[in-house]
Amino acid sequence: MNKIELKSLLTDGALATPTGRIVRTLSARGALSATQIARLTGLAKSTVSTVLTELRRSDMVVEAGSESAGGVGRPATALTLNPKAGTCIGILIGQTEIQVILADVSHTVLSDRSAYLAPDYSPDTAIEYVRKLIADAYQGQWQGREGLLGVGIAVGGPVNPVTGKMLRAGGMPTWAGADMRELFGPIFDGVPIFCDNESNCAAIAEMTWGAAQGHDDFIVYTLDLGVGGAIVSGGRVLRGIAGGAGEFGHVVLDPNGPPCRCGNRGCLDVYASFREPLAESERHFGRSMRLADVVELALGGDATCRALIERAGEAGGHGLGLIGSVFNPTLVVVSGRLVAAGDMLMRPLAESFERHTLVKHGDVPDTARTILSPSRFSDNGACMGAVGLVLRHHGRLLN
Ligand SMILES: [Zn+2]
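These numbers were taken from a predicted model, which means no experiment stands behind them.

If you tally the helices and strands in the protein, you get 13 helices and 12 strands. In the protein, which comprises 399 residues, the share counted as buried stands at 55%. A separation of at least 24 residues holds for 63% of the contacts in the protein among residues at least 6 apart in sequence. Surface accessibility of the protein: about 16,800 Å² in total, with carbon and sulfur atoms responsible for 51%. Between the centroid of the 36 positive side chains of the protein and the centroid of its 40 negative side chains there is a distance of 5 Å.

Okay, here's the thing in structure tokens:
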């Protein structure tokens, strides 16, 4: 078993063979039992059993449960791809953060590192940080860079996942027109690069490891320094013709409202993102603050911070009401760093959602009510989703 062999089994062409389908399913889902593999692939149990015997003999597949194989909620007699078969890298290019996660093909995170930057940093600065974070990620690992199978990049603005080009970037104007393949290709020397916006990546993380496991249709609604979102239908993230689907933050609420970073006026983002509340907290405390500081102070009982978060929940619920009226979704996963505030955010959000959306809880039976579920990720999970882009082959190959 080697990297070349696994790579060939992860290509689209390999889907024609039972072995290819089983390897792709294990790559996408992490640890699975033989019964689950049969159900997910539609292959006969006897076929699955024969192929798994071969894969275990060639050391491509191992039993999960050893310290080397991770995966959330794995069943008792689960199998994974051999962690030694390869690694993937997830990169988050966020508005104020660059994050790099190194994981192996059994879904175990080997390293998770971040750097924090002032907004509007340049692509050149990002490349410098990414190089350094990757060098740090491999320090002390027995997995070397030669085992790297693919790189996923989550970006904090709309990007075309096919071309890898940033659109006129809403939240990240300094990245407008940037070509992710040109920028990151030289670092990775021919390794496949996948790319998507951070909310779509968050959706992939939620369906792979998070609150949307087992759901094929759901909405991700992100409340952070920007408002974002993603739409998942039939197990696929809807990207739109140019990669701009799910940009809930830039629905215009008031065409005469204050200017938005995207160039329009009165977008939901202007009212419900935490940029202005964060600035307000800085004025109040007379020092520089991070979003996480506000949440921590609020949880510790600070009334000013608490009011800022409750107001963000109320404003966020207004926007979510619109989304509810358009999609009437089964499940909304609320993500972003504000979610760490727990009920302090979720309660006003749910109340405001109920007031602003068309279908009210009281109008329908329990089974027809939209569930609002906080994300289990401490940030928005986007960088894990970037790892998922590689493992699930959701993104289109850029090179
Ligand atoms: Zn806007």
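On to the domain arrangement of the protein, then. Domain boundaries in the protein define domain 1 (3–84), domain 2 (87–202 + 381–392) and domain 3 (213–374). The centre of domain 1, based on its C-alpha atoms, is set 37 Å off from the matching centre of domain 3.

Quick look at the coordination of the zinc ion now. Protein coordination at the zinc ion: the donors are H250 (ND1), C260 (SG), C262 (SG) and C267 (SG), at 2.0 to 2.3 Å from the metal. In primary-sequence terms, the residues that donate to the zinc ion follow H-x9-C-x1-C-x4-C. C260 gets classed as buried once you look at its relative accessible area, which sits at 9%. Classification of C262 by relative accessible area gives buried; the value is 9%.

Before going further, it helps to examine the environment of A137. For A137, the location among the structural elements is in helix α5 (residues 123–138). Considered as a pair, A137 and C201 are 64 residues apart in the sequence and their alpha carbons are 21 Å apart. Not counting residues within four places of it along the chain, the set of residues in contact with A137 comprises L102, S111 and R113.

Time to look at the pairing of strand β4 (residues 97–104). The buried count for β4 comes to 8 of 8 residues, which makes it a mostly enclosed element. Neither face of β4 is open: one carries E97, Q99, I101 and A103, the other I98, V100, L102 and D104, and all of them are buried. Here strand β3 (residues 87–93) pairs with β4 via 7 bridges, running antiparallel. Looking at the pairing, C88 lines up with A103 of β4. The turn joining β3 and β4, which pair antiparallel and follow one another in sequence, is formed by 3 residues. Taken together, the 7 bridges between β4 and strand β5 (residues 109–116) define a ladder with antiparallel strand orientation. Across the sheet, the residue bridging to V100 is R113, located in β5. Where β4 hands over to β5, the hairpin turn is made up of 4 residues, of which H107 adopts a positive phi near 80°.

Strand order in this open sheet of 5 strands is β10-β9-β8-β11-β12, and the pairing throughout is mixed. Lying at the two open borders of the sheet, with one neighbouring strand each, are β10 (236–237) and β12 (371–374). In this fold helix α11 (residues 303–327) packs onto β8 (218–223), β9 (227–233), β11 (331–335) and β12, with an angle of close to 165° to the strand it touches most, β8.

Let us now look at the sheet that holds β4. Read across the open sheet, the 5 strands follow the order β5-β4-β3-β6-β7; overall the sheet is mixed. Two strands close off the open sheet at either side, each with one partner strand: β5 and β7 (193–197). For this sheet, the mean inter-axis angle between neighbouring strands, taken without regard to orientation, is 15°. Examined bridge by bridge, β3 and strand β6 (residues 148–155) share 7 bridges and lie parallel to one another. Paired with I93 across the bridge in β6 is V155.

Evaluated as defined, the whole model comprises 12 salt bridges. Where E276 meets R283, a salt bridge forms, and the shortest distance between an N and an O atom there is 2.9 Å. Judged by its relative accessible area of 43%, E276 is partly exposed. The partner of E310 in a salt bridge is R306, with the nearest N and O atoms 3.0 Å apart. Separated by 4 residues within a single helix, E310 and R306 lie in helix α11, roughly one turn from each other. Here E310 falls in the partly exposed class, since its relative accessible area comes to 31%.

Reading the values: the criteria
Residues numbered from 1 in each chain as written. Predicted model: local features only at pLDDT ≥ 70, side-chain atom pairs only at ≥ 80, totals over all residues. Heavy atoms only, no water. Helix = DSSP H or I, 4+ residues; strand = E, 2+ residues; numbered from the N terminus. Buried < 20%, exposed > 50% of the residue type's maximum accessible area, 1.4 Å probe, protein only. Contact = heavy atoms within 4.5 Å. Areas by Shrake-Rupley, 256 points an atom, 1.4 Å probe, with all protein chains shown as cover. Lys, Arg positive; Asp, Glu negative; His and termini not counted. Charge placed at Lys NZ, Arg CZ, Asp CG, Glu CD. Domains from an automatic or database assignment. Donors = N, O, S within 2.8 Å, 3.2 Å for Na, K, Ca; no water. Pairing = 2+ DSSP bridges. Axes fitted to C-alpha atoms, helices over the stretch in contact; angles between N-to-C directions. Salt bridge = Lys/Arg side-chain N within 4 Å of Asp/Glu carboxyl O.

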